[in-house]
Every structure is written in structure tokens, then in C-alpha cells.
Amino acid sequence: MPIVVISDRSELCDRLEAMRRGGKLFLTALIPPEQVIDTAVNLLRGTEITKKVMILDDDQDWLHTLPTLLKPWGFQVTTLADPQQFWTVLEAVTPDALVLDVNMPQINGFELCQILRSDPHWQRLPVLFLSVLTDSASQNQAFTVGADDYLCKPVKGVELANRILRRLQRVKAWAS
């Protein structure tokens, strides 16, 4: 159960103490009661959001492994190995988050991210790169084309799941 803290003090030390004691949301007492209720309801709904994740990677081993790694967090995972079918599958699945590999045949992950970010409908979709490339130039290029996160293979399921969940929470917060 998420803990909501309402306080008449809002100094950094107060907020820190609330978070250290398990608080998930910190509100000041000046917020109108209706907004407190709306915020609490949205927080509770956030634990029940559909978590559809689309993963595009030409490595078949990873495509078989990732759904298993993400299963404990309740993600509905769609995998795709062919970047040529990216747009068709994207529109059919309408994922809540997208995981892209960098190196793929015909179209690389950077190009796909740029295509995605050029469409107003998909600009807020969280995009995470998962790649064997560990160099800072590749990571910087990912962020330059619009990535929200970059992880290096191999990755643990808990790390990938937490990164996806954090991105989904931020998108939900922006929407409310």
C-alpha cells in the first residue's frame, strides 16, 4: 500500500524523512482536498496500469530470454526480430514502453528512435536501449536521438524491470 504524506512543512529534510519512512507521495497541507483525493486515486491506479512492453532485437536468444526476465513484474511482452516490421507491430501493440537494440540489419535502433520521435503520437513513449555497445559515444547518440534510458547487455531482470517501471510512472505522472 503506497504511503501518502501530507505535511504543513515542506523543507528538504521533511521530504527526505518521509521518503526514508516509505512515503511514495509528499503533499503540502496547502493543496486543496479535491486535489489530495485525485492524487491518491491516481497513485493507487498507477499500481494497476497495463504494462505492455515491445522489445525489438535481432538476437533471438535475447528475445526468448527477456519475456522470462520480465514476467515476475507482470509485463505483457511483445518481441520482434525484424526491424522492417517495426511500425506495423508498434501500431498493432500500442506498447507502454519500447526496448530497442542498437545494431540490427537494414535499420538500426537509433534510426528507429528518430522515426518514432518524429511522430507526435509516439513522442512520449518511453524508449530504452539495451545493447552490447558500452562506449559513451553510443550511449550519447541514443540520448541525442530521444532515448529515455540506456542499459548494457547482459542485464538482470530486476534492473530492466525497474527502469521500465520508473519510465512508466513518469509518463503517467505527466499525463495526470
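The paragraphs below set out a description of the structure included in this document. (Residues numbered from 1 in each chain as written. Predicted model: local features only at pLDDT ≥ 70, side-chain atom pairs only at ≥ 80, totals over all residues. Heavy atoms only, no water.)

What to know about the overall build of the protein
Turning to step 1, where the next piece is worked out: Scanning the protein for helices and strands turns up seven helices and seven strands.
Turning to step 2, where the next piece is worked out: Ordered by position in the sequence, the α and β elements of the protein form the string β-α-β-α-β-α-β-α-β-α-β-α-β-α.
Turning to step 3, where the next piece is worked out: Across its three principal axes, the protein shows a C-alpha extent of roughly 55 × 30 × 30 Å.
Turning to step 4, where the next piece is worked out: A buried classification covers 37% of the 176 residues belonging to the protein.
Turning to step 5, where the next piece is worked out: Looking at the protein alone, contacts between residues at least 24 apart form 54% of all its contacts between residues at least 6 apart.
Turning to step 6, where the next piece is worked out: Accessible surface, the protein as shown: approximately 10200 Å² in total, 52% of it carbon and sulfur.
Turning to step 7, where the next piece is worked out: Of the charged side chains in the protein, 18 are positive and 21 negative, and the gap between their average positions amounts to 8 Å. (Helix = DSSP H or I, 4+ residues; strand = E, 2+ residues; numbered from the N terminus. Buried < 20%, exposed > 50% of the residue type's maximum accessible area, 1.4 Å probe, protein only. Contact = heavy atoms within 4.5 Å. Areas by Shrake-Rupley, 256 points an atom, 1.4 Å probe, with all protein chains shown as cover. Lys, Arg positive; Asp, Glu negative; His and termini not counted. Charge placed at Lys NZ, Arg CZ, Asp CG, Glu CD.)

Here we look at the side chain of Ser 131
Turning to step 1, where the next piece is worked out: Tracing the sequence through the fold places Ser 131 in strand β6 (residues 127-131).
Turning to step 2, where the next piece is worked out: When residues no more than four places from it in sequence are discounted, the contact partners of Ser 131 are Asp 101, Val 102, Tyr 150, Leu 151, Cys 152 and Lys 153.

Notes on the packing of aromatic side chains
Turning to step 1, where the next piece is worked out: For the structure on display, the rule yields three aromatic pairs.
Turning to step 2, where the next piece is worked out: Ring plane angle 25° and centroid distance 6.3 Å describe the contact between Phe 129 and Tyr 150, whose orientation is recorded as stacked. You can see Phe 129 sitting in strand β6 and its partner Tyr 150 sitting in strand β7 (residues 149-152), a full 21 residues away along the chain.
Turning to step 3, where the next piece is worked out: When its relative accessible area of 0% is taken as the criterion, Phe 129 is described as buried.
Turning to step 4, where the next piece is worked out: Members of the aromatic cluster, connected to one another through ring pairs, are Phe 110, Phe 129 and Tyr 150.
Turning to step 5, where the next piece is worked out: Against the face of Phe 75 rests Lys 51, its NZ or CZ located 5.8 Å from the ring centre. (Phe/Tyr/Trp six-rings, centres within 6.5 Å; stacked < 30°, edge-to-face > 60°. Lys NZ or Arg CZ within 6 Å of the ring centre and 35° of its normal.)

As for the pattern of salt bridges
Turning to step 1, where the next piece is worked out: Counted under the stated rule, the structure contains eight salt bridges.
Turning to step 2, where the next piece is worked out: The closest approach of N and O atoms between Arg 9 and Asp 14, which form a salt bridge, is 2.5 Å.
Turning to step 3, where the next piece is worked out: Judged by relative accessible area, which is 51%, Arg 9 ranks as exposed.
Turning to step 4, where the next piece is worked out: A salt bridge links Glu 159 to Arg 163; its shortest N-O distance comes to 3.2 Å. Residue Glu 159 and its partner Arg 163 are located together in helix α7 (residues 157-175), separated by four residues, close to a single helical turn.
Turning to step 5, where the next piece is worked out: Through salt bridges with shared partners, one network takes in Asp 149, Glu 159, Arg 163 and Arg 167. (Salt bridge = Lys/Arg side-chain N within 4 Å of Asp/Glu carboxyl O.)

Function-wise, these values are silent; they only describe arrangement.
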